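These are the residues of each chain, in order.
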Amino acid sequence: MLTFGIDSNNDLYLTSQGNLGIKQDLEAMGDIYINKAQTRKGELIYDEEKGIDFFNTIFGEPCYPDVFQNQLISELENTDETQSVSGFTQEINNGVYAYTVNCQTTYGEITLNG
């Protein structure tokens, strides 16, 4: 698996040789999962059903963290090279929502924190 790499600011970056950064295998999967976890439903003009409905789940009143969990897991499971998604934990502490989920890929395991 190959993908354009993203840096800690979630931006594409250039290598020291001036080329677009490319990541592969497990490192690429991490970037792909980050992008999927941050994609708002309706954001992708070629498929408006993909993404997570943040405003009607965790940003809404009332908050529906279980709906968010189901949507996130579905997006992660529907990723090429994903074998399983497990160990989802979540908490809301002082109005801040946080989660951790483990993704097993053909290249190894990744833990996604959001």
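Located above this text is the structure these notes cover.
Residues numbered from 1 in each chain as written. Predicted model: local features only at pLDDT ≥ 70, side-chain atom pairs only at ≥ 80, totals over all residues. Heavy atoms only, no water.

Caption draft 1: Examining the nonpolar core more closely. In terms of nonpolar packing, the biggest core is built from 19 residues, with F68, L72, L76 and Y99 touching the most fellow members. Listing elements by their share of this core, those giving two or more residues are α1 (25–38), α2 (65–77), β3 (82–93), β4 (96–105) and β5 (108–113). Filtering out sequence-adjacent residues up to four positions away, Y99 remains in contact with A37, F68, L72, F88, T89, Q90, L112, N113 and G114. (Core = buried A, V, L, I, M, F, W, Y, C linked by side-chain atoms within 4.5 Å. Buried < 20%, exposed > 50% of the residue type's maximum accessible area, 1.4 Å probe, protein only. Helix = DSSP H or I, 4+ residues; strand = E, 2+ residues; numbered from the N terminus. Contact = heavy atoms within 4.5 Å.)

Caption draft 2: Just α1, in detail. With 14 residues, α1 extends 20 Å from end C-alpha to end C-alpha; this agrees with the ideal 20 Å at 1.5 Å per step. Buried within α1 we find A28, M29, G30, D31, I32, Y33, K36 and A37. Looking at the buried side of α1, the elements it contacts are β1 (2–4), β2 (22–24), α2, β3, β4 and β5. (Expected span 1.5 Å × (residues − 1).)

Caption draft 3: Seen up close, the sheet that holds β3. Reading across from one edge, β3-β4-β5 is the order of the three strands in this open sheet, with antiparallel pairing throughout. Pairing within the sheet leaves two strands with one partner each, and these edge strands are β3 and β5. On average, adjacent strands in this sheet sit at an angle of 10 degrees to one another, irrespective of strand direction. Pairing of β3 with β4, which is carried by nine bridges, proceeds in the antiparallel orientation. Residue pairing in the sheet places T82 in a bridge with T105 of β4. This element, α1, spans β3, β4 and β5 of the sheet and lies at about 30 degrees to β5. Of the strands in this sheet, β3, β4 and β5 touch α2, which is tilted by about 155 degrees from β3. (Pairing = 2+ DSSP bridges. Axes fitted to C-alpha atoms, helices over the stretch in contact; angles between N-to-C directions.)

Caption draft 4: The arrangement of α2 in detail. Taking 1.5 Å per residue as the helical rise, α2 with its 13 residues ought to reach 18 Å, and the 18 Å between its terminal C-alpha atoms agrees with that figure. Listed in full, the buried residues belonging to α2 are F68, L72, I73, E75 and L76. Taken end-on, α2 shows its buried residues confined to a sector of 160 degrees, consistent with a single buried face. For α2, exposure combined with an orientation more than 90 degrees from the buried face picks out D66 and N70. Looking at the buried residues of α2, the elements they touch are α1, β3, β4 and β5. (Arc of directions from axis to C-beta.)

Caption draft 5: Quick look at the side chain of K36. As for its position among the elements, K36 is in helix α1. One buried charged residue, K36, remains without a salt bridge, the closest side chain of opposite sign being E75 at 4.5 Å. Separated by 3.2 Å, the side chains of K36 and T79 make a polar contact. (Lys, Arg positive; Asp, Glu negative; His and termini not counted. Salt bridge = Lys/Arg side-chain N within 4 Å of Asp/Glu carboxyl O. Polar contact = N/O pair within 3.5 Å; in protein donor to acceptor, adjacent residues only side chain to side chain.)

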